[in-house]
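One-letter residues, chain by chain:
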Amino acid sequence: MEWLDQALFGFYPYVALAVLALGSVLRFDREQYTWRTGSSQLLRRRQLVLGSILFHVGVLMIFAGHFVGLLTPIAVWDALGVSHGAKQMLAIVAGGVAGVLCLAGGLLLLHRRLFDPRIRATSSFGDVAILVLLLAQLSLGLGTIPISLQHRDGTEMIKFMYWAQSIFTFQPGAADYVTEAHWVFKAHLTLGLTILLVFPFTRLVHMLSAPIWYLNRRGWQIVRSKNLAAGRSTR
């Protein structure tokens, strides 16, 4: 089914990235009051803290690993003396640890959102759906580890590096690199692109907000005068 591979891995990535970019800009411009996480931190706080820490630490590790691992030119790794096999094992170990942390945190957050009546009552369909999508994506990612262990020379990893770099540099024939990949890898790529597609319409947009202006913000302290308070109490 070559046409399906071309559609999913040659055309779909550009659709997903275009919607991600334009949708995020439009939402920030038109609906800034919805640009938030919709926190329910006052309810089941302990479970939220543990789940949130595990989930976010895992996500940051996974994002950094995918970004650096897929988009760093192979020539750079070669110049650094990192073999394809070593990079493959690093991705398996680091990605496996990050995936387990993230999956454990995500399951805690999903359990909290589904089985606490008060939190469930304030949760939207999108809140639950995006968590389910992320957990499915994590499961697929962890499912690629046994397959990757069968290619410890890094040959499979190189294919995905070429694919990702071809997409971002607008090179033709990008889909050809992953045509022969295992279906688990293809499902992982497809679901990952779908998450990017729906990203602007979910609470995930808060990932794009970094309140760095707080670092330079002047501090304020409200002081209540004792004399003024005493004068008011005698009236």
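Residues numbered from 1 in each chain as written. Predicted model: local features only at pLDDT ≥ 70, side-chain atom pairs only at ≥ 80, totals over all residues. Heavy atoms only, no water.

Overview of the side chain of Q88
Cut-off, in case you're wondering: In this text, helices come from DSSP runs of H or I with a minimum length of four residues, and strands from runs of E with a minimum of two, each type numbered from the N-terminal end. It only takes one pair of heavy atoms within 4.5 Å for two residues to be counted as in contact.
By the secondary structure assignment, Q88 is in helix α4 (residues 84-115). When neighbours within four sequence positions are excluded, Q88 is seen to be in contact with S148, H151, R152, G154 and M157.

Regarding the environment of I74
Mapped onto the elements, I74 comes out in helix α3 (residues 74-79). As for I74 and M161, which are separated by 87 residues in sequence, their C-alpha atoms are 7.9 Å apart. Leave out the neighbours within four places in its chain, and I74 touches H84, I158, M161, Y162 and Q165.

Focus on the packing of aromatic side chains
Worth spelling out the cut-off: A pair of aromatic rings is counted whenever rings of Phe, Tyr or Trp (Trp by its six-membered ring) have centres within 6.5 Å, and the orientation is called stacked for planes under 30 degrees apart, edge-to-face for over 60 and tilted otherwise. Think of it in three bands: with a 1.4 Å probe and only protein chains considered, a residue is buried below 20% of the maximum accessible area for its type, exposed above 50%, and partly exposed in between.
Counted according to the given criterion, the structure contains four aromatic pairs. Where Y14 meets F170, the ring centres are 5.6 Å apart and the plane angle is 15 degrees; that geometry is what we call stacked. Residue Y14 is located in helix α1 (residues 2-30), and its partner F170 is located in the loop between α7 (155-168) and α8 (183-198); the two are separated by 156 residues in the primary sequence. Residue classification places Y14 among the partly exposed residues on the basis of a relative accessible area of 28%. Since its relative accessible area comes to 63%, F170 is described here as exposed. Ring centres 6.0 Å apart and planes at 20 degrees place the aromatic pair F63 and F67 in the stacked group. Residue F63 and its partner F67 are located together in helix α2 (residues 45-71), separated by four residues, close to a single helical turn. For F63, a relative accessible area of 56% translates into the label exposed. Residue classification places F67 among the partly exposed residues on the basis of a relative accessible area of 48%.

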